[in-house]
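What follows is the residue order along each chain.
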Amino acid sequence: MKFNTKTIHGGQENADPAFGSVMAPIYQTSTYKQSTPGGHKGFEYSRSGNPTRTNLEKALASIENGSYGMAFGSGLAAIDAVLKLFKPGDEVISTNDLYGGSYRLFTSIFENFGIKFHLISMDEPSNIEKYINENTRLVWVESPTNPMMNIIDIKAVSDIAKKHKLLLGVDNTFATPYLQQPLDLGADIVMHSATKYLGGHSDVVMGALVVKDEKLAEKLYFIQNASGGICGPQDSYLILRGLKTLHLRMQRHCENGEAVAKFLKKHPKVGKVYWPGFEEHPNHDIAKQQMSGFGGMISFSTKENTLQSAKNIVEKLKVFTLAESLGGVESLAGHPASMTHASIPAEERQKTGVVDSLIRLSVGVEDEEDLIEDLQQALG
Ligand SMILES: *Cc1c(COP(=O)(O)O)cnc(C)c1O
């Protein structure tokens, strides 16, 4: 099956064995009748498994070219499950330009449990080797990064991880499997905030993991059940429904993203524009190699480069909504320094380029002309 067909049919061959309903039914139940103790039809209790969630998990595995999918109550619950593979003394190497919530989970929760994090630049993948020692267990990568849109060479990082027998996890939230398939590039774990593009309609918070290896899947499934960070059947249904149009939405996100990035680049009040589709983007060649398009996420600073100048713009936007999150059909604008990335100390933020005038856009699937007109009037 090719990708577009998979978004609709992947893993759904037997979505409703009871009545053959075309859409996966919502099994709103916590438990399942047994004919004799232990005599059940594959489901015992909905933390351990629920048929609606299983349908979604099979769909997720299919679109990421994996073998096993796991759905969680949020993207962070999914990362939390990955980190529970490790024990005190273990070390993780990750990027210094990281989603704020992942940074907070690493430094404010798991560091207290004795796991050590090295947050480094991976522009040059060989830099990773300087931080590897006998305690290193995991390399965790986001690409494109949030919000600076850096691109990390997943294949090169995977080669290093394999050489040192480390797991490689990739947060594929920004790219989605429509644009980038990390398992095919050598990653062991793909993670999603399904809240974003996979769901696509800003109406659910959910997370996902997909892996190929059976042993790793067993360990993660054990953690999913033992720690219990699962999602409910209604939400599983909504994400499954969202997935069916992922390919259609992503195509338009890419087209609109390109138009908006090019418009911003020419505007006299705009400073730097961060979008991997520009030839002068420092990692454009890698983006071209490992992604089939450049997506709808763009960050830009103002020429004035002040907090106030950014505030003036985001407050004037009318089609773009000022809100946290991304990846929905509607266009959103965010101010990372005070919103999504406020949990990262100012000094750390400035080092990676998250200046106070930085604005992040999640370009939606509206008409391109309306989006550009809106930005035009807000930039004034
Ligand atoms: C939103 C996001 C997360 C966290 O996901 P939640 O569903 O909000 O818990 C992780 N990584 C990236 C890149 C994100 O954008």
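Keep in mind the model is a prediction, meaning the values are calculated, not measured.

Reading guide: rules and limits
- Per chain, residues are indexed from 1 in the order of the written sequence.
- Reporting of local features is limited, given that this is a predicted model, to residues whose pLDDT is at least 70; pairs of side-chain atoms are given and counted only at 80 or more, and all residues count toward the totals for whole chains, interfaces and linings.
- Hydrogen atoms and water are omitted, and side-chain values are computed over all heavy atoms in the structure.
- A run of DSSP states H or I qualifies as a helix once it reaches four residues; a run of E qualifies as a strand once it reaches two. Both are numbered from the N-terminal end.
- Only protein chains enter the area calculation, which uses a 1.4 Å probe; residues under 20% of their type maximum are buried, those over 50% are exposed, and those in between are partly exposed.
- Whether two residues touch is decided by their heavy atoms; if any such pair falls within 4.5 Å, the residues are in contact.
- The term salt bridge refers to a pairing of a side-chain nitrogen on Lys or Arg with a carboxyl oxygen on Asp or Glu at a separation within 4 Å.

Some points on unusual backbone geometry
- Along the chain, S143 connects to P144 via a cis peptide bond; the corresponding omega equals -5°.
- Take P144: it is sitting in the loop between strand 4 (136-142) and helix 5 (154-163).

Here we look at the environment of V314
- Note that V314 resides in helix 11 (residues 307-316).
- For V314, a relative accessible area of 7% gives the class buried.
- As a C-alpha pair, V314 and G334 span 20 residues in sequence and 7.6 Å in three-dimensional space.
- Non-local contacts of V314, meaning those with residues more than four positions away in its chain, are made with L322, A333 and I359.

A closer look at the pattern of salt bridges
- Applying the stated criterion to the full structure yields 11 salt bridges.
- The closest approach of N and O atoms between R137 and D90, which form a salt bridge, is 3.3 Å. With R137 in strand 4 and D90 in the loop between helix 3 (75-83) and strand 2 (91-95), this residue pair connects regions lying 47 residues apart in the sequence.
- The buried category is assigned to D90, whose relative accessible area is 4%.
- Between K155 and D159 there is a salt bridge, with its nearest N and O atoms 3.0 Å apart. In this pair, K155 and D159 are both assigned in helix 5, four residues apart and thus about one turn of the helix distant.
- Relative accessible area serves as the criterion here: at 42%, K155 is assigned to the partly exposed category.
- Bridged by salt links that share partners, the residues K87, D90 and R137 form one connected network.

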